[in-house]
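Structure assessment
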Amino acid sequence: MAGEAAALVAEARAAGLADVSTKSTETDVVTGSDRAAERLIRERLGELWPGVPVIGEEEGGTAPAGGLSWVVDPIDGTVNYLYGYPWYGVSVAAQVDGVSVAGAIVEPASERVWEASRGQGAWLAGQPLHVSDATRLELSLVATGFAYSAQRRAKQAAVWGRMLPRVRDIRRAGASSLDLCAVAAGWVDAYMEHGLHRWDWAAGALVAEEAGAVVRLPAEAGERDDGLGQDAVFVATPGIAKELLAALAESGAGEV
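What comes next concerns the included structure. Quick caveat: nothing in here was measured; it's all calculated off a predicted structure.

**Thoughts on the packing of aromatic side chains**
Under the definition given, this model contains 3 aromatic pairs. Centre to centre, the rings of Tyr81 and Tyr88 are 5.1 Å apart; their planes meet at 75 degrees, and the pair counts as edge-to-face. A residue is classified by how much of its surface remains accessible, and Tyr81, at 0% relative accessible area, is buried. Ring plane angle 80 degrees and centroid distance 5.2 Å describe the contact between Trp114 and Trp187, whose orientation is recorded as edge-to-face. Here Trp114 is found in strand E7 (residues 113-117), whereas its partner Trp187 is found in the loop between helix H5 (176-185) and strand E12 (190-194), with 73 residues between them in sequence.

The structure is reproduced here in structure tokens:
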């Protein structure tokens, strides 16, 4: 179903985008393709698993207290999609009791498929994925993303400005699910971002975890105090995870 939705998204992009509007801010865009892809996925899920809750970026939904649910991001990286920048994906994950057990992200532009199932590993185009073997923070490539709110972006930029002298470099590609997969592939050594929604990380975080990454997901209020803040997603290869977490906390990540 993710592949079918990815084909729909690619065809719509080739035909010329229509019905482009905004949501939380003028920079937070949504297209007719986002809505059509989510409708298609919901229809297919309803046919195969009738009655199972679906949480999606465009049509909403509430995560159940227990049992099976589906989490859908019809286009993760919609701004990239709008511009034709080929780093966006269709993300679908299955969760049981709020924990991802299977997930896939399909890239419409390249047709690559990232997938994982809990305890069974992570794969890209049929090849197993493994995180990097980085052990030195100063030689590590770290990815991040920024909020749509200009005020919060400024705070995030300040944190990463303080981090720049402590790492090899920073990447910001604009699609959180694929940024998480990039950690799984060893293309970057870590990724951290504030303010993500469940659909942004449900599939990608599982891919990273199954590839060997240390994964820290958003917590319920008051559950932890590790210096990142409650709504941060943090994923890193084990060799730098502890040092990077401490450096981010020292750089003010918990104040974003």
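**Observations regarding the pairing of strand E8 (residues 121-124)**
Direction of pairing for E7 relative to E8: antiparallel, over a ladder of 4 bridges. Within E8, the residue paired with Glu115 across the bridge is Trp123. Pairing between E8 and strand E9 (residues 127-128): 2 bridges, direction antiparallel. When the sheet's bridge partners are listed, Leu124 is paired in E9 with Gln127.

**Points about H5**
Because an α-helix packs 3.6 residues into every turn, residues spaced three or four apart end up facing the same way. The buried fraction of H5 amounts to 9 of the 10 residues, a majority that puts the element mostly inside the structure. Turning to H5, its buried residues are Ser176, Ser177, Leu178, Asp179, Leu180, Cys181, Ala182, Val183 and Ala184. The positive-phi residue at the C-terminal boundary of H5 is Gly186, with phi of around 80 degrees.

**Quick look at the sheet that holds strand E13 (residues 214-216)**
One open sheet holds the 5 strands; their spatial order is E11-E10-E12-E14-E13, and the pairing between them is mixed. A single partner strand is all that each edge strand has here, and the edge strands are strand E11 (169-171) and E13. Adjacent strand axes in the sheet meet at a mean angle of 15 degrees, parallel and antiparallel pairs treated alike. Pairing of E13 with strand E14 (residues 232-236) involves 3 bridges; the strand directions are antiparallel. The partner of Val215 across the bridge, within E14, is Val235. Strands strand E10 (141-144), E12, E13 and E14 of the sheet are contacted by helix H8 (residues 238-250), whose axis makes an angle of about 145 degrees with E14.

**So, the sheet that holds strand E3 (residues 54-56)**
In sheet architecture, strand pairing relies on hydrogen bonds along the backbone and comes in two forms, parallel and antiparallel. Spatially, 7 strands are ordered E3-E4-E5-E6-E7-E8-E9 in an open sheet, and the strand pairing comes out mixed. Since the sheet does not close on itself, it has two edges, and those belong to E3 and E9, each with one partner. Along the sheet, helix H1 (residues 2-15) contacts strand E4 (68-76), strand E5 (89-96) and strand E6 (99-106); its crossing angle with E5, the most-contacted strand, is approximately 155 degrees.

**Re the pairing of E6**
Relative to E6, E5 runs antiparallel, the two sharing 7 bridges. Pairing of Val96 across the sheet is with Val99, part of E6. In sequence, E5 turns back onto E6 through a hairpin of 2 residues, with Asp97 there showing a positive phi of about 55 degrees. Two strands pair when backbone bridges link them, and E6 and E7 are joined in this way by 5 bridges, in the antiparallel orientation. In the sheet register, Gly103 faces E7, and the bridge partner there is Ala116.

**Some thoughts on the nonpolar core**
One finds Leu129 and Val207 to be the most contacted residues of the largest nonpolar core, which totals 35 residues. Contributions of two or more residues to this core are made by E7, E8, E10, H5, helix H6 (198-201), helix H7 (204-210) and E14. The leading source of residues in this core is H5, at 6 residues. Those residues in contact with Leu129, other than ones at most four positions away along the chain, are Trp114, Ala122, Trp123, Leu124, Ala184, Ala185, Val207 and Ala211. Within the second largest apolar cluster, 21 residues are counted, among which are Val142, Ile170, Phe234 and Val256.

**Here's the deal with the packing of helix H4 (residues 150-163) against H8**
Following both chains from N to C, one finds H4 and H8 inclined at 125 degrees, their axes separated by 9 Å at the closest point. The pairing of H4 with H8 is recorded here as oblique in orientation. Between H4 and H8 lies a crossing whose hand is right-handed. Contacts between H4 and H8 involve Val159, Trp160 and Met163 on the former and, on the latter, Leu244, Ala247 and Leu248. Classifying every residue of the contact of H4 with H8 gives 6 nonpolar, no polar and no charged.

What counts, and where the lines are drawn
- Residues numbered from 1 in each chain as written.
- Predicted model: local features only at pLDDT ≥ 70, side-chain atom pairs only at ≥ 80, totals over all residues.
- Heavy atoms only, no water.
- Phe/Tyr/Trp six-rings, centres within 6.5 Å; stacked < 30°, edge-to-face > 60°.
- Buried < 20%, exposed > 50% of the residue type's maximum accessible area, 1.4 Å probe, protein only.
- Helix = DSSP H or I, 4+ residues; strand = E, 2+ residues; numbered from the N terminus.
- Pairing = 2+ DSSP bridges.
- Axes fitted to C-alpha atoms, helices over the stretch in contact; angles between N-to-C directions.
- Contact = heavy atoms within 4.5 Å.
- Core = buried A, V, L, I, M, F, W, Y, C linked by side-chain atoms within 4.5 Å.
- Parallel < 35°, antiparallel > 145°, perpendicular 65-115°, else oblique.
- Left-handed = near helix turned anticlockwise from the far one by under 90°.
- Nonpolar A, V, L, I, M, F, W, Y, C, P; charged D, E, K, R; others polar.

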